[in-house]
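# Structural characterization, general
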Amino acid sequence: MRKRNESVTVEHERAAAVPGPLDKGCSLRRSLRLPAAAAEGMKRPLGRRYGLWFRLRKLMIWLLGMYIAIPFLVKLCPAIQAKLVFLNFVRVPYFIDLKRPQDQGLNHTCNYYLQPEEDVTIGVWHTVPAALWKNARGKDQLWFEEALGSSHPVILYLHGNAGTRGGDHRVELYKVLSSLGYHVVTFDYRGWGDSIGSPSERGMTYDALHVFDWIKARSGDNPVYIWGHSLGTGVATNLVRRLCERETPPDALILESPFTNIREEARSHPFSIYRYFPGFDWFFLDPITTSGIKFANDENVKYISCSLLILHAEDDPVVPFHLGKKLYNIAATSRSFRDYKVQFVPFHTDLGYRHKYIYRSPELPRILR
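These numbers come from a predicted model, not from an experiment.

### Quick notes on the overall build of the protein chain
Helix and strand counts for the protein chain stand at 14 helices and eight strands. In the protein chain, which comprises 369 residues, the proportion classed as buried is 44%. When contacts within the protein chain are restricted to residue pairs at least 6 apart in sequence, those whose partners lie at least 24 apart make up 74%. Working note: accessible area of the protein chain is about 20100 Å², and carbon and sulfur atoms make up 57% of it.

Below, the structure written as structure tokens:
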């Protein structure tokens, strides 16, 4: 009896040791199950990918929303578009003292402040010709003003948007013109640099008129030329049109990198990412006009009666070359210029003068002469 029980016990233990069908399945599943650490390692890359894609999609939606919202914002607040045209809040180069032109290498330059209107003050630089450099050292404002009456022509330079009268390419042009025997008088419009006031097309034109009259009151019979660059060409044609209407035209007008009018310039500007946006004119160009900004060079040249010289680089990335050429064609066929010389001087792409480096041309002295 005891032997039989022992054999039964042994058989039962053997049977328990051999897995049955159910135990086989559970055992297989246990063997296929990954360790907890390995499973966690697989979840992390998937989580990172999902999180990165979610953030990227969120950023794209935000950028798209901003892209669509900006046109409506500009339409509702035309002052924004005016700021983008003037860019007077961009003061480059930074950290320079405009009261000290000598810090920019202009040791023969005097800084003035004039007041075209009440509550408006504009900063002016006057650079004398190279022949007067030595005499100019240590002289005061009165000496510089009297020097305008010396037998040297005067150029009133009207700069473009952004920056100040101390911009690097502008300073280099003053030096070139001074070396060619010109007085150079330049200034910052109201709202630019250290000039006080709010910018507007009317205000900029009035500032230029005030400085021109200030020069004429001191220069005697010396020739006075007006040189406008980029946005400054709009101020220049506004000014010269007014001078011609009152029968006191300058001796010549020089336009560097000019456009036809501000609407065509804004439409052709290479940085305008909205030019193909539906309703571009209504959203962007109409607010410019609403702000009173036209700078209609193409209309102004029809009322100008003095010699005209247009300089434009073919590789200009800011004001397209074709706009300068179009303005020349309008001026050349205008009856107001029938007794005056109108000249267009292009600069080949290979020269690399782009928008603001025409002053580097070795041909410039001959062209101006």
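### Points about the sheet that holds strand β5 (residues 224–229)
Read across the sheet, eight strands follow the order β1-β2-β4-β3-β5-β6-β7-β8 without closing on themselves; strand pairing throughout is mixed. The open sheet has two free edges, formed respectively by β1 (109–117) and β8 (342–347), since each of these has just one partner strand. The sheet shows a mean angle of 20 degrees between the axes of neighbouring strands, direction not considered. Alignment of strand β3 (residues 154–158) against β5, held across five bridges, turns out to be parallel. Across the sheet, the residue bridging to Leu-156 is Ile-226, located in β5. Contacting β6 (252–256), β7 (307–313) and β8, helix α13 (residues 321–332) runs over the sheet at an angle of about 165 degrees to β8.

### Overview of the packing of helix α8 (residues 201–219) against helix α9 (residues 231–245)
At their nearest, the axes of α8 and α9 sit 9 Å apart, and the two run at 60 degrees to each other. Our classification of the angle between α8 and α9 gives oblique. α8 and α9 meet at a crossing whose hand is right-handed. Contacts from Glu-201, Met-204, Thr-205, Ala-208, Leu-209 and Phe-212 in α8 reach Leu-231, Val-235, Asn-238, Leu-239, Arg-242 and Leu-243 in α9. Here the contact of α8 with α9 is built from residues that sort into eight nonpolar, two polar and two charged.

### Some details on the side chain of Ser-336
By the secondary structure assignment, Ser-336 is in the loop between α13 and β8. Side-chain polar atoms of Ser-336 contact the backbone oxygen of Val-301, separated by 3.1 Å. A polar contact of 2.9 Å, which involves the side chain of Ser-336, links it to the backbone oxygen of Ile-304.

### Digging into unusual backbone geometry
Here Val-92 and Pro-93 are connected by a cis peptide whose omega angle stands at -5 degrees. Residue Ser-230 is not a glycine yet carries a positive backbone phi of 55 degrees. You can see Ser-230 is positioned in the loop between β5 and α9. Of note in this structure, Arg-354 is not a glycine but carries a positive phi near 50 degrees.

### Here's the deal with the pattern of salt bridges
One pass over the full model with this rule turns up 13 salt bridges. One salt bridge in this structure joins Lys-175 and Glu-172, with 3.6 Å as the shortest N-O distance. You can see Lys-175 and its partner Glu-172 sitting in helix α7 (residues 168–179), three residues apart, about one turn around the helix. Using a relative accessible area of 27% as the deciding quantity, one classes Lys-175 as partly exposed. In this structure, Asp-207 and Arg-190 form a salt bridge, with 2.7 Å as the shortest nitrogen-oxygen distance. Highlighted residues: Asp-207 in helix α8 and Arg-190 in the loop between β4 (183–187) and α8, separated in sequence by 17 residues.

### So, the confidence of the model for the protein chain
On average, residues of the protein chain score 87 in pLDDT, and 81% of them reach the 70 mark or higher. The low-confidence segment residues 1–18 (pLDDT under 50) makes zero contacts with residues lying over four places distant or belonging to another chain.

### Observations concerning the environment of Leu-285
Mapped onto the elements of the fold, Leu-285 is located in helix α11 (residues 280–290). Between the C-alpha atoms of Leu-285 and Ala-266, which are 19 residues apart in sequence, the distance is 7.4 Å. Beyond its immediate stretch of four places on either side in the chain, Leu-285 contacts Arg-263, Ala-266, Arg-267 and Phe-280.

### Some words on the side chain of Ser-178
Relative to the helices and strands, Ser-178 resides in helix α7. Classification of Ser-178 by relative accessible area gives buried; the value is 0%. Within polar-contact distance, the side chain of Ser-178 engages the backbone oxygen of Val-128 at 2.7 Å. Other than its neighbours up to four places away in sequence, Ser-178 contacts His-108, Thr-127, Val-128, Pro-129, Ala-130, Trp-133 and Val-184.

### A word on a nonpolar patch on the surface
Taken together, the side chains of Trp-53, Leu-56, Leu-59, Met-60, Trp-62, Leu-63 and Met-66 present a nonpolar region at the surface, about 740 Å² in accessible area. Its place among the elements puts Leu-56 in helix α3 (residues 36–76).

### Focus: the environment of Val-319
You can see Val-319 is positioned in the loop between β7 and α13. In this structure Val-319 comes out as buried when scored by relative accessible area, which is 1%. Sequence separation between Val-319 and Leu-231 is 88 residues, and the spatial gap between their C-alpha atoms is 9.4 Å. When residues no more than four places from it in sequence are discounted, the contact partners of Val-319 are Ser-230, Ser-257, Pro-258, Phe-259, Glu-265, His-312 and His-355.

About the thresholds
Residues numbered from 1 in each chain as written. Predicted model: local features only at pLDDT ≥ 70, side-chain atom pairs only at ≥ 80, totals over all residues. Heavy atoms only, no water. Helix = DSSP H or I, 4+ residues; strand = E, 2+ residues; numbered from the N terminus. Buried < 20%, exposed > 50% of the residue type's maximum accessible area, 1.4 Å probe, protein only. Contact = heavy atoms within 4.5 Å. Areas by Shrake-Rupley, 256 points an atom, 1.4 Å probe, with all protein chains shown as cover. Pairing = 2+ DSSP bridges. Axes fitted to C-alpha atoms, helices over the stretch in contact; angles between N-to-C directions. Parallel < 35°, antiparallel > 145°, perpendicular 65-115°, else oblique. Left-handed = near helix turned anticlockwise from the far one by under 90°. Nonpolar A, V, L, I, M, F, W, Y, C, P; charged D, E, K, R; others polar. Polar contact = N/O pair within 3.5 Å; in protein donor to acceptor, adjacent residues only side chain to side chain. Salt bridge = Lys/Arg side-chain N within 4 Å of Asp/Glu carboxyl O. pLDDT = per-residue confidence, 0-100. Patch = residues over 30% accessible without salt bridge, like charges linked within 9 Å, V, L, I, M, F, W, Y side chains within 5 Å.

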